[in-house]
Amino acid sequence: MKSNKIFFLMAAAIMTLGFTACTDDNNNDIVSVQPQTTYEVLTGYMEMTVPVNRDGQSAGTVAIRFYEDMPSVPYISVADFQNIMVPGTTVSVTKTGTDTYVLENSGARLTVNTTAETCAFDHFLNFTNQMGLVQEGIENVCYDGLPFVRFNHQTLIGGSSAVNFNYGSYGINLRGDATAVYFPFATLADLYADFYGHNVACNGKKVVYASNDGPQEGIGSLDEDFQMETLMKHKERKADMAAYNYAELCFAIDHFYGMPAGTDFEKSIQEKGLDKTLEASADGQIVKRLLLSTNIDDYADGMCMLYAYLFDGGHTTIWFDEPSTTFAEKYPALYNFFDERVTVPTIQKSLQYGSMTIPEREMVFGDKKTYHKKGNTAICHFDSFSGSDKQAWIDFYQGKGPRPTLATSPKDPMAIFLDALEQAVADPEVKNFVLDLSANLGGSSDVVMALTSVMFNQNFFRAYNVITNQQMEWHFDVDRNFDGKYDAQDQDVHYDLNFCVVASPLSFSCGNLFPSLAKDAGLLVAGQKSGGGSCAVGSYRTADGFYYKISSARGRLCDQHWQNINDGITPNVTIDYAREFDYTYEGHNYTICSYKNFWDLDLLSTIIGEYYK
């Protein structure tokens, strides 16, 4: 008989733990919101009341459970978890049989069977939607909350919003009593993880929620116990936590990894799952053993190797950069595999970007400015869709401050773009406007939407949901004149310019999405094939608290024919490299290309003239 079938109070022992808040050396608060913690020992499980830290503020307490067969793994009721993720919302629970339950929140219905260990959503995205915290009434879509863009609507084509998950096949137990259903905390966290980075973690003593999680920021900045360095100091894990952690990791990769077609192992994972993929080779069996190890250092090496298995150019990353020296000595073949899969392409991109492309561009133009002009052609060097001065934009849209400019927010992508565009429009000689993405590594899709709206009046992009097999169109409104309000004047915006997008193999993620959208719309894309990157990114925490991010199955970006764009975008007009040369670094050979021709404004003027004539 499973322990979750026994719920009789046997005895109660109360323990009180005291905690204090602390700060780091930079005076940035690392808040430990930890009032008194108590627990009760019950037959079949132990129940504790632990504090909740929500974005650095105390958000009360919540009950978590530790079952006798998994004493190190925290469980939480779905209703309590829902209230942590979206405060003020509820989940109703109706027990419909000995081991079946129907759960409903404002978005959808979830049916759980605690014997079969299955759950069925009638609308998975609606049930786990937290985006109402970003914009009221928004659906569960990709949106970063920059105020010059706002969600309008979503169109779903094909597939099914209904999703069934079988946790029993992974050895993950779901529990229930007369009034509630309990999942392992990390299992629910993985179900709710979204594009925005809403995330939550529990170490058995506290719950920490971050509106936007990252390896050092987010949850780690709110509580030092969840920082990577702190977690690595523990050295040992409990066996039940190691086993559950591996099971949940396999489940997350099998279901929530977006399969962008960037790695050789995706087909195998799609067909038989991560566990059987690892089991299929001697090297994979070593990786599995490391992932199951109770030794933290071995486990970290296993996660590094998982990084190599899933490496897709940059969207999927693991908190630990490189296997240990001990690992390299014990498993030289595996270490070489990691080196070739991860280290070499990463260094190749780094050398091309920082050692060649940016310095060479500055030499070509003689300065570091983001706008240059020659004759009838202007160019805006647009190196990132990230770096928005979000608070400054929010203040502007709330009437509390001026619009961000290049002078006040020099790294803000929209400030960079608008400054260049306004200079070009003010110059009667300029007829051609080039958006130079040759060194653009990606960033926010909100900025992509703003640019597509301004340059060719398109306010949507397409993605494929690998979980639901649905084609999705995400439609947005854009304040196209950037005057701080959405009104009819936005539709009057038009620039009588010939637009051109320059792409390169460095153009990744949103640096790949924008050329795709531009080419589909008929704009000129010139240069070389872009570098790919076709998934939005999901932020996750392992059951023992380590941060990782993966290409998200919730949104794999597509072109107008619903084709995956991970292979990169072939330009309308190819611009040859000025030169190529071989470079040896740390025993590896790299081919470095000169993009000098990409910034030849006379050449670009001729190409643009031919394309648009």
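The present account deals with the structure reproduced in this document. None of these values were measured; they are calculated from a predicted model. (Residues numbered from 1 in each chain as written. Predicted model: local features only at pLDDT ≥ 70, side-chain atom pairs only at ≥ 80, totals over all residues. Heavy atoms only, no water.)

### Quick word on the environment of Tyr 331
As for its position among the elements, Tyr 331 is in the loop between helix H10 (325-330) and helix H11 (332-365). For Tyr 331, a relative accessible area of 14% puts it in the buried group. Along the primary structure Tyr 331 and Asp 283 are separated by 48 residues, whereas in three dimensions their C-alpha atoms are 8.9 Å apart. Among residues more than four places away in sequence, those in contact with Tyr 331 are Ile 286 and Arg 289. (Helix = DSSP H or I, 4+ residues; strand = E, 2+ residues; numbered from the N terminus. Buried < 20%, exposed > 50% of the residue type's maximum accessible area, 1.4 Å probe, protein only. Contact = heavy atoms within 4.5 Å.)

### Brief notes about helix H7 (residues 266-279)
Look at H7: only 15 Å from first C-alpha to last across 14 residues, short of the 20 Å you get at 1.5 Å a residue. The sharpest bend along H7 comes to roughly 115°, located at Lys 272. Of the positions making up H7, those classed as buried are Glu 266, Ser 268, Ile 269, Gly 273, Leu 274, Thr 277 and Leu 278. Turning to H7, the residues buried within the fold contact helix H6 (239-256), helix H8 (282-291) and helix H9 (296-310). (Expected span 1.5 Å × (residues − 1). Bend = angle between axes of the 7 residues up to and from the residue.)

### Looking at the environment of Asp 383
The topology assignment puts Asp 383 in the loop between strand E19 (377-381) and helix H12 (390-397). In this structure Asp 383 comes out as partly exposed when scored by relative accessible area, which is 21%. Between the alpha carbons of Asp 383 and Ile 394 there is a distance of 23 Å; along the sequence they are 11 residues apart. If we ignore the near neighbours within four places in the chain, the residues touching Asp 383 are Tyr 353, Ile 358, Arg 361, Ala 439, Asn 440 and Leu 441. A distance of 2.7 Å separates the side chain of Asp 383 from the side chain of Arg 361, its partner in a polar contact. (Polar contact = N/O pair within 3.5 Å; in protein donor to acceptor, adjacent residues only side chain to side chain.)

### Considering the packing of aromatic side chains
Scanning the entire structure with this criterion turns up 44 aromatic pairs. Ring centres 6.4 Å apart and planes at 40° place the aromatic pair Trp 393 and Tyr 397 in the tilted group. Residue Trp 393 and its partner Tyr 397 are both found in helix H12; the two are separated by 4 residues, about one turn of the helix. We note that Trp 393, like Tyr 397, is buried. Seen from the ring of Tyr 182, Arg 65 lies directly overhead, with NZ or CZ sitting 3.9 Å from the centre. (Phe/Tyr/Trp six-rings, centres within 6.5 Å; stacked < 30°, edge-to-face > 60°. Lys NZ or Arg CZ within 6 Å of the ring centre and 35° of its normal.)

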